[in-house]
Amino acid sequence: MPSMAQVLFADAVLAVGSHYLWFRKYEPTSYRVISAVILLLTSPVTYTLLNVTGNAPTAIALGVGTFMAALFTSIIVYRLSPWHPLSSCPGPLICKVTKMWTAYLAWTGKTHLYYLGLHEKYGRIVRIGPNDISVTDKALFPHILGAQGMPKGPVWENRRIVTARDSRGHRSLHAVRDLKLHGELRKPWNKAFGKEPLKDYEIALVKNAAILVEQLQDVCRDGEEVLIDGAQWLSYFSFDFMGDMVFGKSQKFLTEGDPNGVWDVMQESLVFRTVAQHIPWIRPLVPFLPSSFLRADTAFRKFAASQAKARAQSEPLSRDLFYHLISNTEVEPGTSVLPLIMADAVLAIFGGSDTSATTFSNVLYYLVRYPEWQMKVRKEVDDALRFVAERNGSSAFPDLDELAEWGVLNAVINETLRLQPGAPTLLQRGPAPGSGGKQLGNIFLPEGTTVQVPPYAVHRDSRYFYPRTKDFWPERWFRGPEAEGGCVLDRSVFIPFSMGPANCVGKPLALKQLRYVVAVLVHNFEFRFPEGYDAADWESEMKDRFLMVKGELPVLINISQGP
Ligand code: HEM
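On a predicted model such as this, the values are computed, not experimentally measured, just so you know.

Student: I tried to follow the nonpolar core on my own but got confused; where do I start?
Tutor: Across soluble globular proteins, nonpolar side chains show a tendency to be buried alongside one another. Core analysis: the largest hydrophobic core is formed by 134 residues, its most contacted members being Ile133 and Leu321. The leading source of residues in this core is helix H16 (residues 338-369), at 17 residues. When neighbours within four sequence positions are excluded, Leu321 is seen to be in contact with Trp189, Ala192, Phe193, Tyr201, Met245, Val246 and Ala348. Judged by nonpolar contacts, the second largest core, of eight residues, contains Ala103, Phe272, Val286 and Leu294.

Right, here's the structure in full:
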């Protein structure tokens, strides 16, 4: 009979072998599968140990315990070894060993700062996880995000928010990891953001911006400065606009508030997802987690489903997003459009409201923090409106497309999107399943590895934006390299809306919205920070939850006295 040491040694060899042959290539996500595999593999060892110890619980504990200890040791050694496919990429030891660290950082909401720091320390390619790299080298962007790039990465397995009805199909555009299917689903979206549909959404934009201005005028009716939470007003505006634009029905937050706390629920629903995306194995444990973990997630899904159902059951009063998506999708006659609306309801709610609200708030923050830019924008807007009034004999805003030509306004918006991109870190892609892997520059990415492009770090790279790389300096957007002191402005790496076939389809609408709302606000009101407010608080309260989540923005508002 073999000795105990011999049996345990064989057990450890078995663990290392199973890691090499199986666990290294296939990361199981089902605990049942893992348990079955481990029990099966260790059964001969356990049986032999039973003969040695004569005690079943002790034999199982020793057999499985030794196997697990050897398996984990093998995994860690392999991840740190020169044989790992990403071994040539520098990065912190903790990141190479485990994703628990980045999961923790995701929970704190500070991943954008962490990745920026890593790129500053290690360079353009950094290993941010055992099987994950982050890239700020622009030469590689086309091979990651561009037409020659890769499909969405595995993070979407965990970020996907599905309403109960579409949970089988998973055909939400954002979460589709198959390039061909993504291309097919993207076609109706491209059409829904064409020139004509954009004119339909403009009606909702102008209507809701007028309500925002009326409500704020009401707040300042006594002619005195009033303290408001600018971020909350802009969030309410964005949500009302999204309601009209996506579902043909305003949420009326601007006039009636948000008594059910939908906005907060939407923001909180991001937290668990942002942590889980780093550690997918936590998903099956969800039923065992305290229900508070997923309360916001469940509540938000219910909200999205209720909006989708209401939209499917009624004739739209206006040509909203789903009108255009349905018109451009082949739906068999007589079949319900509900599954189609359900599939993209969550994406449309987030895309149509959250990213814009954060960017509006960031623009307001910078205009208040740098009052000289607030004055410059106001002067440009007021001068342009005077010119338009003389030209058209009316005080109305010009065609919204004309706002794309307003230099200062657009420089301020671009500079805001540069410093505070709405999706700061996780433009993630990965080799297509079944492809065998992808060569990326000098690195071969096998299946199961991922690569991200973090706009927050790219936009703060002095090789691409110089000088005053980390400062709010809108002037860079109209300075040429020949200007005094030179100016590096590499527009090809300005990617707040990502790039390539899965870039932001809503970009034309988002820009139109941003230009119009900022112009209207600055034309009508003046803003400043209250005494004692530390402007640095705004940025330090920002949390990276895949989308940026903001805190309060206390500003004093009053009616504009002109430039
Ligand atoms: C300032 C506002 C916005 C910003 C910064 C922004 C940013 C982004 C980014 C970075 C992506 C790509 C993510 C990736 O590459 O993995 C994206 C995708 C997307 N965005 Fe936006 N977005 C904004 C506004 C909007 C609006 C108003 C809509 C309209 C509903 C929208 C709808 C979408 C959709 C549907 C996708 C998925 C595209 C695809 O997978 O093919 N976004 N957005």
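After presenting the structure, the write-up continues.
Student: Please clarify how the site of the ligand should be interpreted in this entry.
Tutor: What surrounds the ligand is a group of 25 residues, the closest being Lys152, His182, Arg186, Ser498 and Cys504. Between Arg429 and the ligand, the recorded distance is 2.8 Å, taken from a side-chain N or O atom to an oxygen atom. Measuring from an oxygen atom of the ligand, one finds a side-chain N or O atom of Ser498 at 2.8 Å. When contributions to the shell around the ligand are tallied by element, the ones reaching two or more residues are helix H9 (179-192), H16 and strand S4 (427-429). When residues in the shell around the ligand are grouped by element, the largest group, six residues, is from H16. Per-class residue counts for the shell around the ligand are 12 nonpolar, 10 polar and three charged.

Student: Just to check I follow, could you spell out the coordination of the iron atom of the ligand for this structure?
Tutor: Tetrahedral coordination by four donors puts the ideal angle at the metal at 109.5 degrees, and octahedral coordination by six puts it at 90 or 180 degrees. There is one protein donor for the iron atom of the ligand, and it is Cys504 (SG), at 2.3 Å. Counting through the fold element by element, Cys504 comes out in the loop between strand S9 (488-489) and helix H20 (507-524).

Student: What exactly am I supposed to notice about H9 here?
Tutor: For an α-helix the count is 3.6 residues per turn, leaving residues at separations of three or four pointing the same way. If you check H9, its first and last C-alpha atoms are 20 Å apart, about what 14 residues at 1.5 Å a residue would give, namely 20 Å. At Arg186, H9 shows its maximal kink, close to 30 degrees; a proline, Pro188, follows between one and four residues later. Taken as a whole, H9 has its buried residues at His182, Leu185, Arg186, Pro188, Trp189 and Ala192. Tucked inside the fold, the buried residues of H9 contact helix H10 (195-219), helix H15 (321-327) and H16. Between the side-chain oxygen of the N-cap and the backbone nitrogen of Lys180 there are 3.2 Å, and the N-cap of H9 in question is Asp178.

Student: Would you mind showing me how to read the sheet that holds S4 here?
Tutor: Strand pairing in a sheet relies on backbone hydrogen bonds, with the paired strands running either antiparallel or parallel. Taking strand neighbours across the sheet as the criterion, the four strands line up as S1-S2-S7-S4 in an open arrangement whose pairing is mixed. The sheet is open, and its two edges are formed by strand S1 (125-129) and S4, each paired on a single side. Strand-to-strand, the axes of this sheet are offset by a mean angle of 30 degrees, without reference to chain direction. Note: S4 against strand S7 (residues 450-453), three bridges, orientation antiparallel. Along S7, the bridge assignment pairs Leu427 with Val453. The strands touched by helix H6 (residues 111-122) are S1, strand S2 (132-135) and S7; relative to S1, the strand with the most contacts, the crossing angle is about 135 degrees.

Scoring rules and cut-offs
Sequence order sets the numbering: in each chain, residues are counted from 1 along the sequence as written. Per-residue local features are limited, in this predicted model, to residues with pLDDT of at least 70; the limit for side-chain atom pairs, both in listing and counting, is 80 or more; totals at the level of whole chains, interfaces and linings are taken over all residues. The basis for every side-chain value is the complete set of non-hydrogen atoms in the structure, without hydrogens or water. Note on terminology: a nonpolar core comprises buried Ala, Val, Leu, Ile, Met, Phe, Trp, Tyr and Cys residues joined through side-chain atoms within 4.5 Å. The buried label applies to any residue whose accessible area, calculated with a 1.4 Å probe on protein chains only, is under 20% of its type's maximum; exposed applies above 50%, and partly exposed to all values in between. A helix here means a DSSP run of H or I that spans at least four residues, while a strand means a run of E at least two residues long, and both kinds are numbered starting from the N terminus. Residue contacts are counted whenever heavy atoms from the two residues lie within 4.5 Å of one another. It suffices for a single heavy atom of a residue to lie within 4 Å of a molecule or strand for the residue to be listed as near it. Under this definition, polar contacts are N or O atom pairs within 3.5 Å; protein pairs additionally need one hydrogen-donor-capable and one acceptor-capable atom, and for neighbouring residues in sequence, both atoms have to be side-chain atoms. Following the grouping adopted for this structure description, the nonpolar residues are Ala, Val, Leu, Ile, Met, Phe, Trp, Tyr, Cys and Pro, the charged ones are Asp, Glu, Lys and Arg, and the polar ones are all others, Gly among them. For Na, K and Ca the donor cut-off is 3.2 Å, while for other metals it is 2.8 Å, and in both cases only N, O and S atoms qualify; water is not among them, so sites may look incomplete. To estimate how far a helix should extend, the number of its residues minus one is multiplied by 1.5 Å. Two axes enter the bend calculation: one fitted to the seven residues ending at the residue in question, the other to the seven starting there, and the bend is the angle between them. One requirement defines pairing of two strands: DSSP has to find at least two bridges between them. The convention used is that axes are lines fitted to C-alpha atoms, helices contributing only their stretch in contact, and that angles between N-to-C directions extend from 0 to 180 degrees.

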